[in-house]
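Topology and contacts: notes
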Amino acid sequence: MWLKFHEWAKQYSGVNGFYMVEILGTSILVVSDEAVAEELMVKRAKYNSDRPEIRSIFDSKSTDGSMEYLPLMGKNQYWARQRRLTHAYLTEASNAHYYGAMYHEAKRWLVRLLENPDDFQFSLEDMASKVMCQLTWDDPSLSEYCTRSAWGLLTQMSPAGPITNVLTPLWHIPEIINPWKRAERKRHDEQQEWWKERLLHTRAKMMLGLQRPCFARQYLEKGHKRSNISGDYEASCVIGMIALVGIFTVAGPLSYWLVSMVHHPRWQALVQKEIDDACQGRMPTLEDAPRLPTLRACIKETMRWKPNVPTGVAHEMEADDVYRGYFLAKGTRILPLDWAFLRNPIKYPDPDNFRPERWLEPGWPTYQEPLTQYPTIKGMTTFGWGQRQCLGQTLTQDELIVACGALSWCFNLKPKKDLTTGLDLPVPLDKSNSLLIIKPDPFQMAFEPRSEARKQEALREWAKSEAQDRRERYEFAKQATIMLEKSRAEI
Ligand code: HEM
């Protein structure tokens, strides 16, 4: 879809940097120039920060007070308070370096790749999911269910999901004979039930003193007083949504990182050398990031070259407006076409090719100093615009540095050989699903440990991290039991 929109942009945008298209009765202003997106969604954010209704999700905008999906909400009171709470929790977590969750999960992932490399697509998503489940509920074992649940919502909200998102009148068939509504009811009810259970479980553990810090505990201790969240139901939704939204968003660039590195062994070698020099043989951490500009440049270039939300996320206009002489009616959708922004040949010369040097060498339009700070992915058009801009930019950057850094430290990422012909199996560059957040179609590749010593060190690192995690959980539970017995004795 983004390719078609881009093709039309070349034909119809002209010097305006936008064009209007009617799709099944909906007016969409497709924006192909960053400056226009800035003017409409940042400078005029006050009137252009609503969301379009997603037909196949009950009350997606939360107009009727369902309060369920922060990123899909209209610009209303629920959105404002949930955005505030999400921002506060994610900022606190990033200041605390995610309480070590990213390091722990990256180490687990390396060992899973050593033991079962062919399962890399699953273990990659599972790593992202475990990080989020750890942060939200202190329980990485919830990851598989959480990923399935995220997949269900992502499919439901995407234009390429149920047909009722496109042929919207079908949605209005009475529920009793409407297969799409019935399927959505089931998906919705299961998800709500699961989110609610998570919060109740957290509360039950807190009463026994057994709940370690996490977003759910943070809310139950004090969140409702500071945030105006209306109660358990809304809290379970906003916390559940934080867990869901951090899975495929991060897994997308991570999957494309594998594609970039397999196709660009020279850059892979440069990243490996940089890590080896800067970290003197150990796995990189976030403290090393200022000394790893090549790693950051390859991450950023991967996100530019293969953006994982290529259509962008639509805003809806809240009032009539006249823009550059054109009348735009209230309710018009503004689609910031990220694929077009990131393929602008003036800002990104040679846009179709992977050129990390554009972030590292003076003379390129996107070069910025100091290299201890730049390149950074924060502020990329990929993260959206104005009042609706993504809240997960720091988390994404940190997780990509940790995960891509760990991969480059441990493995040579290579094509896999066909066992019969001995030839390299292809790693396609342009095959993906077409949901709102995309990922490459399944492919095969090889994860070759860089040396036996590295492999052994990765195994040791995970054994150490796992033992420490067990010890900490055990000590916490032991202290809680002592406290509980003491308070019972006092009664
Ligand atoms: C590569 C990773 C990611 C990309 C490309 C991405 C992209 C986006 C985009 C395009 C939007 C909509 C912006 C707009 O409407 O203008 C958005 C919103 C949002 N993102 Fe992200 N995101 C990523 C990661 C994350 C992560 C890791 C989290 C949190 C754990 C997160 C949380 C959110 C939230 C809560 C919103 C809704 C904001 C609102 O509607 O007010 N995102 N993201």
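All figures in this text were calculated on a predicted structure; none of them were measured in a lab.

1. So, the site of the ligand
Surrounding the ligand, one finds 28 residues, the nearest of these being Arg51, Trp79, Arg83, His315 and Cys390. In the environment of the ligand, an oxygen atom lies 2.7 Å from a nitrogen or oxygen atom belonging to the side chain of histidine 315. Taking tryptophan 385, its main chain carries an N or O atom lying 2.9 Å from an oxygen atom of the ligand. Residue assignment for the shell around the ligand shows that the elements contributing at least two residues are helix H3 (77-95), helix H9 (232-263) and helix H13 (393-410). In terms of residue count, H9 provides more of the shell around the ligand than any other element does, six residues in total. Among the residues forming the shell around the ligand, the class breakdown is 17 nonpolar, eight polar and three charged.

2. Digging into the side chain of aspartate 321
For aspartate 321, the position within the fold is in strand E4 (residues 321-323). There is a polar contact of 2.6 Å between the side chain of aspartate 321 and the side chain of arginine 44. Aspartate 321 has contacts with Arg44, Tyr326, Phe327 and Leu328, leaving out every residue within four places of it along the chain.

3. Details of the pattern of salt bridges
Summed over the entire model, instances satisfying the criterion amount to 38 salt bridges. In this structure, glutamate 193 and lysine 196 form a salt bridge, with 3.6 Å as the shortest nitrogen-oxygen distance. Placement of both glutamate 193 and lysine 196 in helix H7 (residues 179-207) is noted, with a separation of three residues, approximately one turn of the helix. Overall, the relative accessible area of 37% leaves lysine 196 in the partly exposed class. Between lysine 417 and aspartate 424 there is a salt bridge; the shortest N-O distance is 2.7 Å. Classification of lysine 417 by relative accessible area gives partly exposed; the value is 48%.

4. A few points about empty space enclosed by the protein
Under the criterion given, the structure shown has one cavity of 30 Å³ or more. Reported here for the largest cavity is a volume of approximately 40 Å³. Considering the residues around the largest cavity, the lining is formed by Trp151, Leu154, Phe248, Ala251, Gly252, Ile437, Ile438 and Lys439. Secondary-structure elements contributing two or more residues to the lining of the largest cavity are helix H6 (143-157) and H9.

5. What to know about the UniProt feature "binding site: heme" (unreviewed entry) in the protein
Per the UniProt record, "binding site: heme" (unreviewed entry) is annotated on Cys390. One can find cysteine 390 in the loop between helix H12 (338-342) and H13.

6. Considerations on H13
Compared with an ideal rise of 1.5 Å per residue, which puts 18 residues at 26 Å, H13 spans 26 Å between its outermost C-alpha atoms and is within 8% of the ideal. Among the 18 residues that make up H13, 17 are buried, leaving the element largely enclosed by the rest of the structure.

7. Things to note about the packing of H9 against helix H11 (residues 293-305)
Where H9 meets H11, the axes come as close as 9 Å, and the angle between the chain directions of the two elements is 105°. Relative to H11, the element H9 is oriented roughly perpendicular. Between H9, through Pro253, Tyr256, Trp257, Ser260 and Met261, and H11, the contact on the second element is made entirely by Leu295, Cys298, Ile299, Thr302, Met303 and Trp305. Along the lines of polarity and charge, the residues of the contact of H9 with H11 split into nine nonpolar, two polar and no charged.

What counts and how
- Residues numbered from 1 in each chain as written.
- Predicted model: local features only at pLDDT ≥ 70, side-chain atom pairs only at ≥ 80, totals over all residues.
- Heavy atoms only, no water.
- Near = heavy atom within 4 Å.
- Polar contact = N/O pair within 3.5 Å; in protein donor to acceptor, adjacent residues only side chain to side chain.
- Helix = DSSP H or I, 4+ residues; strand = E, 2+ residues; numbered from the N terminus.
- Nonpolar A, V, L, I, M, F, W, Y, C, P; charged D, E, K, R; others polar.
- Contact = heavy atoms within 4.5 Å.
- Salt bridge = Lys/Arg side-chain N within 4 Å of Asp/Glu carboxyl O.
- Buried < 20%, exposed > 50% of the residue type's maximum accessible area, 1.4 Å probe, protein only.
- 1 Å grid on protein atoms, 1.4 Å probe; cavity = no way out; pocket = protein on both sides within 12 Å on 5 of 7 lines; lining within 4 Å.
- Points joined across faces, edges and corners; volume = space filled by probe spheres on them.
- UniProt positions renumbered as here; feature names shortened; annotations may be inferred.
- Expected span 1.5 Å × (residues − 1).
- Axes fitted to C-alpha atoms, helices over the stretch in contact; angles between N-to-C directions.
- Parallel < 35°, antiparallel > 145°, perpendicular 65-115°, else oblique.

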